[in-house]
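Survey of secondary and tertiary structure
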Amino acid sequence: WKFVWKRMMAELAPQDKTGSYKRPSYSFGGKIGGADGRYPDEAGRYHLYVGNPCPWCHRARLVLALRSITNDEIGMTQLVDDPVKASRGGWIFSQTNRDPLGSTDLRELYDKLSPGFTGRCTAPLLVDLKTRKIVSNESSDIVRMLNSVHMGKKKQQRTDRIVSV
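All values reported here derive from a predicted model rather than from experimental measurement.

All right, on to the pairing of strand S2 (residues 74-81) then. Where strand S1 (residues 46-51) and S2 come together, six bridges link them in parallel fashion. Across the sheet, residue Gly51 finds its bridge partner in S2, namely Leu79. Since S1 and S2 lie parallel, the crossover through helix H2 (residues 55-66) that links them has a hand, and here it is right-handed. Alignment of S2 against strand S3 (residues 91-92), held across two bridges, turns out to be antiparallel. Opposite Asp81, over in S3, you have Trp91 as the bridge partner.

Turning to the environment of Leu129, a few remarks are in order. Relative to the assigned elements, Leu129 resides in the loop between strand S4 (125-128) and strand S5 (133-136). In sequence terms Leu129 and Leu113 are 16 residues apart; their C-alpha atoms lie 9.7 Å from each other. Aside from chain neighbours lying at most four places away, what touches Leu129 is Arg45, His47 and Leu101.

Quick notes on the rules
- Residues numbered from 1 in each chain as written.
- Predicted model: local features only at pLDDT ≥ 70, side-chain atom pairs only at ≥ 80, totals over all residues.
- Heavy atoms only, no water.
- Pairing = 2+ DSSP bridges.
- Helix = DSSP H or I, 4+ residues; strand = E, 2+ residues; numbered from the N terminus.
- Right-handed = clockwise from strand over helix to strand, strands pointing away.
- Contact = heavy atoms within 4.5 Å.

Below you can see the structure in the form of structure tokens.
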């Protein structure tokens, strides 16, 4: 049981050599509407993958709801937590919530969008469907982006920013 426990904890809560939680850092530092122009602020271009049991996913879903961002502006797929069916990480797509890019689980999606990626396949995940690239898998960055996007609407049409994220 010790091996199983250690393996599970290594997946769920990565640790450094002292046993302290070590948050992994990933290179998906994209930003919708950023100065580099890689990810323009346009409706229908982005897709958010979330899982219901995940509190970090709830943060992203709350911002979508509070800012009245529609599925036509940023699509969303609800993941199912099923570690038996998933190739790794536990998240799969259900019959009713299929991946718009055709993957069966989150690991397969990460492999499609970022070949050779060896990190954890986490949600929430924000994807640019046009370029087929991962914008971000960091909930705080996703929340900040969702709080500032206009999705093609004029600034005066979308002034419903939430405070302090």
